[in-house]
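# Summary of structural features
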Amino acid sequence: MAEAATGFLELLKSCIVWSWTYLWTVWFFIVLFLVYILRVPLKINDNLSTVSMFLNTLTPKFYVALTGTSSLISGLILIFEWWYFRKYGTSFIEQVSVSHLRPLLGGVDNNSSNNSNSSNGDSDSNRQSVSECKVWRNPLNLFRGAEYNRYTWVTGREPLTYYDMNLSAQDHQTFFTCDSDHLRPADAIMQKAWRERNPQARISAAHEALEINECATAYILLAEEEATTIAEAEKLFKQALKAGDGCYRRSQQLQHHGSQYEAQHRRDTNVLVYIKRRLAMCARRLGRTREAVKMMRDLMKEFPLLSMFNIHENLLEALLELQAYADVQAVLAKYDDISLPKSATICYTAALLKARAVSDKFSPEAASRRGLSTAEMNAVEAIHRAVEFNPHVPKYLLEMKSLILPPEHILKRGDSEAIAYAFFHLAHWKRVEGALNLLHCTWEGTFRMIPYPLEKGHLFYPYPICTETADRELLPSFHEVSVYPKKELPFFILFTAGLCSFTAMLALLTHQFPELMGVFAKAMIDIFCLAEFRDWNCKSIFMRVEDELEIPPAPQSQHFPN
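Note that this is a predicted model, so its numbers are computed, not measured.

A separate point is helix H20 (residues 374–389). Between its first and last C-alpha, H20 extends 23 Å over 16 residues, near the 22 Å set by a 1.5 Å rise per residue. Glu376, Ala379, Val380, Ala382, Ile383, His384, Ala386, Val387, Glu388 and Phe389 are the residues of H20 that are buried.

As a packed pair, helix H10 (residues 185–193) and helix H12 (residues 216–226) sit with axes 9 Å apart at the nearest point and diverge in direction by 35°. Facing Asp187, Met190 and Ala193 of H10, the residues of H12 in contact are Thr217, Ala218 and Leu221. Looking at side-chain class alone, the contact of H10 with H12 contains four nonpolar, one polar and one charged residues.

So, on to the confidence of the model for the protein chain. Low pLDDT marks stretches whose predicted atomic positions should not be read closely. Here the protein chain averages 75 in pLDDT, and 64% of its residues register 70 or above. When mean pLDDT is compared element by element in the protein chain, helix H22 (residues 415–431) scores highest at 92, while helix H6 (residues 110–120) scores lowest at 39. Contacts from residues 105–131, a stretch scored under 50 in pLDDT, to residues over four places away or in other chains number 30 contacts. The low-confidence segment residues 487–493 (pLDDT under 50) makes eight contacts with residues lying over four places distant or belonging to another chain.

What the rule picks out here adds up to 19 salt bridges. Here Arg137 ties to Asp171 by a salt bridge, and the two come within 3.7 Å at their closest N and O atoms. Within this pair, whereas Arg137 is found in strand S1 (residues 135–137), its partner Asp171 is found in helix H9 (residues 162–176), the two being separated by 34 residues in sequence. Judged by relative accessible area, which is 19%, Asp171 ranks as buried. Its salt-bridge partner being Glu468, residue Arg472 comes within 2.7 Å of it at the nearest N-O pair. Of the two residues, Arg472 and Glu468 are both situated in helix H25 (residues 467–474); the distance of four residues between them amounts to about one turn of the helix. Linked by salt bridges that have partners in common, Arg144, Arg202, Glu225 and Glu408 make up one network.

Attention now moves to the nonpolar core. Among the nonpolar cores identified, the biggest contains 94 residues, and Met190, Ile220, Phe237, Tyr348, Leu397 and Trp429 are the most heavily contacted of them. Excluding anything up to four places from it in sequence, Leu397 contacts Tyr348, Tyr421, Ala422, Leu426, Trp429, Leu436 and Leu439. Counting eight residues, the second largest nonpolar core, distinct from the first, contains Tyr163, Cys466, Ala470 and Leu474.

Quick look at the packing of aromatic side chains now. What the rule picks out here adds up to six aromatic pairs. Between Phe176 and Tyr274 the ring centres are 5.1 Å apart and the planes differ by 75°, which places this aromatic pair in the edge-to-face class. With a gap of 98 residues between them, Phe176 in helix H9 and Tyr274 in helix H14 (residues 259–285) connect regions that are remote in the sequence. We note that Phe176, like Tyr274, is buried. Here Phe423 and Phe424 contribute two aromatic rings whose centre-to-centre distance is 5.0 Å and whose plane-to-plane angle is 75°, an arrangement assigned as edge-to-face. Judged by its relative accessible area of 31%, Phe423 is partly exposed.

The next point concerns a nonpolar patch on the surface. Taken together, Val26, Trp27, Ile30, Phe33, Leu34, Tyr36 and Ile37 make up a surface patch of nonpolar side chains, about 690 Å² in accessible area. The topology assignment puts Val26 in helix H2 (residues 24–37).

Rules of the game
Residues numbered from 1 in each chain as written. Predicted model: local features only at pLDDT ≥ 70, side-chain atom pairs only at ≥ 80, totals over all residues. Heavy atoms only, no water. Helix = DSSP H or I, 4+ residues; strand = E, 2+ residues; numbered from the N terminus. Expected span 1.5 Å × (residues − 1). Buried < 20%, exposed > 50% of the residue type's maximum accessible area, 1.4 Å probe, protein only. Axes fitted to C-alpha atoms, helices over the stretch in contact; angles between N-to-C directions. Contact = heavy atoms within 4.5 Å. Nonpolar A, V, L, I, M, F, W, Y, C, P; charged D, E, K, R; others polar. pLDDT = per-residue confidence, 0-100. Salt bridge = Lys/Arg side-chain N within 4 Å of Asp/Glu carboxyl O. Core = buried A, V, L, I, M, F, W, Y, C linked by side-chain atoms within 4.5 Å. Phe/Tyr/Trp six-rings, centres within 6.5 Å; stacked < 30°, edge-to-face > 60°. Patch = residues over 30% accessible without salt bridge, like charges linked within 9 Å, V, L, I, M, F, W, Y side chains within 5 Å. Areas by Shrake-Rupley, 256 points an atom, 1.4 Å probe, with all protein chains shown as cover.

Put into structure tokens, the structure is as follows:
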């Protein structure tokens, strides 16, 4: 019974919120229709003639007073705007107009713009908004041939968008090419291959380059796109490592002989680091986790300045698989030593380690009775910190939303980053007993702590407003993009607004039609009294009649002796 009542209240609440959100136009036309129907009883024509006569008799003093009053109101609005801006960091009128009025007056639909962009790959408005958000290469991106293409063969869906693959093509041209490639025929072919949109054309160009010379970037392209298994990709990457290491050693000896050699050495360094990182990821995919950890550690020691590949995130995931939590904490101490974390991996891994210390014995009922201990408070604060950084992750970890294959590029604090994190780290959260239970009990409390508006933030820098548009560009069309949670208007405010409108309408009708409203009120009272009268039992009815008519009680029965 209680569940039915709760469900009915939730349904009533959702109906009221929906009606106040979308049916205001219907209500407006209903009011206009009522005014038109009641134009004769309300004497609208007479009132309009009276108003026009009144306006014709106004003196200049009235207009002076009206101007002064409007100036006073404008000053009050200015003072309120200044106070709101000082407190929340934004304009109240601007926020209302952008958030509520612009969509109603024909704002740009992100879905339609994204569909047009996905069809032709060129939408100026979306590109401009996406460029405002920094898009990063996913450090845990999958292999196109061995994983993304396999998903396409099985489901018939494309897991990667045109925008995502275009960003990857730009990355390949930046990391794997230089100005001196035209001096070497194989590198010149690969320079054109990275610009090809057709996958088969790229693969054919890579084979053509290998016929000329042992080209490391050609092996990379084949390992990424032609290999159908991770084992095949690992073999190709090993061949690429052999060729890339030779090029790196030769360019290292000539790097100080001019700007051209400097650029060539930089390119060869990027190629070598990329190959070693992907080899470590192949070892991780094939179950050789300890070998992968060693390769990642050696790579970070050999090239400590190349942080653009975010190899430490690969290392954290591999160490969590080994359950080497002390080593994970050591890595976090190095990369989470600043107030602004670099990624969701850093935030949620730190929260997982703190939750691990208390999650196996955590109970919401016991915590509500005795309060949180120091360790539990630290774990809850770490979860709140992580959720504020990226609020989309908990729904994927708690399996409230289905996962998809992560894209090749992610947007920090966006849905794409949440998918990339949860895709690889959900198993680590499940392995820690009670960690998901603690997350489920505490993550929603984060939004009660964040000041309004949410873009202002509490612990971190302001939340980007363009994340939804960028995520729609990065994620496939069949995925429902998660939007940063908004603070909903409290139910009692909506209820009070409806009640105020209803009472105002009753007051207006009572003022205009007192006799009719009196008859209506009496009829309603009679209906309620009749319903209550039917619920009484016969004994209560008889006793009330006796009291009103003052009927003497019946004499008690007398007992006669036999």
